[in-house]
Amino acid sequence: MKWEDNVRKVVPYVAGEQPNKPNMIKLNTNECPYPPAPGVEKLAAGLNCDALRLYPDTNATPLVEELAAYYKVKPEQVFVGVGSDDVISMAFMTFFNSDMPILFPDVTYSFYDVWAELHKIPYKTCALDENWHIRPEDYKQENGGIIFPNPNAPTGLMEDLSVIEEILEANRDVVVMVDEAYVDFGGVSALPLIEKYDNLLVVQTFSKSRAMAGLRIGFCIGNEKLIQYLNDVKFSFNSYTMNYPSQVMGAEAVRDDAYFKKVTGKIVNTRERVKDELKKLGFSFPDSKTNFIFATHESVPAEDIFKALREQDIYVRHWNKPRISNYLRITVGTDAQMDSLLAFLKQYLAERV
Ligand SMILES: *Cc1c(COP(=O)(O)O)cnc(C)c1O
């Protein structure tokens, strides 16, 4: 078939599975185990369906204004998209157009190389050190742009802002994106640095800390000029990316800061408790500042544990990839879910050893 010569061929990103079993414990895609803010539920119940007749606001004004107020920036500094995946893909298309390779860590969010391939952007990965930290000197080579999550995924480790600033200092002439999907679980945001660096884009999402993965809401904040360029590309692609319910429900979630802090605080408390328990069972892990723990066991292979958990309908994430094949990424769920996980692990490991 001749037409196949001209197909844009890509190896797609593989998301964590979304099983749907009645009593499953789903700890494989870093979703929030608690519901979205109560006001969001009210809006969902009272949704005015007549509003769906009309195209949504192309600028997603309700959400952009709420985010601008919350993060104390101008609305012109906020760009929203259909999940941060959409925001980052759009940003790759907009900002990574040089012939030099873009840089990101070897162990990181596995969508970056997929977008680079899709948009035909050359890229190079920089190996994390043996403790899973970014080596800032790796990012001092010539490049066409930089992206990394902070905290990183799937390691859960956070880099100090001084590391990010060191990378920014060495890269004033390319766009640097910090993917802060997990920053709300005790991380420190690079957002204040946008004042100093007009090439810094900070990306965040409602999918993890705001319990709204199903609505697909992501955003980024940066210099007005960066946001203008992003909007130019977006409006050349699809003017109506974000639907109306997402715009109003997203804005409502931002307004309820007390609920947001309560939920993220609860997850952090559970995480710290689970770290202690996992240690007692012979696991070790980088010191997570996220809603997941990247754990390896002292004697039992990760893949065996992964399969045993799966048989119990407890889903965690495992990759057959270099450096990380003996690790499991375990999302922090409710206390009850984590207790079930720990109880099973305790029994399983006792029988294995
Ligand atoms: C989950 C995640 C995203 C994407 O989340 P969306 O649901 O598309 O907002 C982006 N980056 C990292 C590192 C993630 O873990």
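Just so we're clear, the structure is a prediction, and the values are computed from it rather than from any experiment. (Residues numbered from 1 in each chain as written. Predicted model: local features only at pLDDT ≥ 70, side-chain atom pairs only at ≥ 80, totals over all residues. Heavy atoms only, no water.)

Hey, could you run me through the overall build of the protein in this one?
Secondary structure summary: the protein contains 10 helices and 12 strands in total. For 353 residues, the compact-globule formula gives about 20 Å, and the C-alpha radius of gyration of the protein, at 21 Å, lands near that figure. For the C-alpha atoms alone, the extent of the protein along its principal axes is close to 60 × 55 × 55 Å. Here the protein holds 353 residues, and 54% of them are scored as buried. In the protein, of all internal contacts separated by at least 6 residues, the share reaching a separation of at least 24 is 73%. Put simply, the protein shows about 16400 Å² of open surface, and 51% of that area lies on carbon and sulfur atoms. (Helix = DSSP H or I, 4+ residues; strand = E, 2+ residues; numbered from the N terminus. Rg over C-alpha atoms; globule rule 2.2 N^0.38 Å. Buried < 20%, exposed > 50% of the residue type's maximum accessible area, 1.4 Å probe, protein only. Contact = heavy atoms within 4.5 Å. Areas by Shrake-Rupley, 256 points an atom, 1.4 Å probe, with all protein chains shown as cover.)

I tried to follow the packing of aromatic side chains on my own but got confused; where do I start?
For any pair of aromatic rings, the description consists of the separation of the ring centres together with the inter-plane angle of the planes. Tallying each qualifying case throughout the model produces 22 aromatic pairs. A centroid spacing of 6.3 Å and a plane angle of 35° characterise the contact between Tyr112 and Trp115, whose relative ring orientation is tilted. Here the residue Tyr112 and the residue Trp115 both occupy positions in helix H4 (residues 112–118), the gap between them amounting to 3 residues, near one helical turn. Each of the two residues, Tyr112 as well as Trp115, counts as buried. Of the aromatic side chains, those joined through ring pairs into one cluster are Tyr13, Phe92, Phe96, Phe104, Tyr109, Phe111, Tyr112, Trp115 and Tyr123. Between Arg210 and the ring centre of Tyr70, over which it is positioned, the NZ or CZ distance is 5.4 Å. (Phe/Tyr/Trp six-rings, centres within 6.5 Å; stacked < 30°, edge-to-face > 60°. Lys NZ or Arg CZ within 6 Å of the ring centre and 35° of its normal.)

I tried to follow the site of the ligand on my own but got confused; where do I start?
In the neighbourhood of the ligand, the contacting residues comprise Gly83, Ser84, Asp85, Tyr109, Asp179, Ala181, Tyr182, Thr205, Ser207, Lys208 and Arg216. Lys208 places a side-chain nitrogen or oxygen 3.0 Å from an oxygen atom of the ligand. Arg216 places a polar side-chain atom, nitrogen or oxygen, 2.7 Å from an oxygen atom of the ligand. With respect to the pocket detection grid, the ligand is positioned in the largest pocket. (Near = heavy atom within 4 Å. Polar contact = N/O pair within 3.5 Å; in protein donor to acceptor, adjacent residues only side chain to side chain. 1 Å grid on protein atoms, 1.4 Å probe; cavity = no way out; pocket = protein on both sides within 12 Å on 5 of 7 lines; lining within 4 Å. Sits in = over half its atoms within 2 Å of the grid points.)

I keep staring at the pattern of salt bridges and nothing clicks. Help me out?
Oppositely charged side chains can pair when the atoms bearing their charge come close. Counted according to the given criterion, the structure contains 23 salt bridges. Across the pair Asp85 and Arg216 runs a salt bridge, and its minimum N-O distance is 3.8 Å. Pair noted here: Asp85 is in helix H3 (residues 83–95) and Arg216 is in the loop between strand E7 (200–205) and strand E8 (218–222), with a separation of 131 residues, a long-range link. In this structure Arg216 comes out as partly exposed when scored by relative accessible area, which is 29%. The shortest N-O distance in the salt bridge between Lys307 and Glu303 comes to 3.5 Å. With Lys307 and Glu303 both in helix H9 (residues 302–311) and 4 residues apart, the pair spans about one turn of that helix. Given the relative accessible area of 29%, Glu303 is considered partly exposed. (Salt bridge = Lys/Arg side-chain N within 4 Å of Asp/Glu carboxyl O.)

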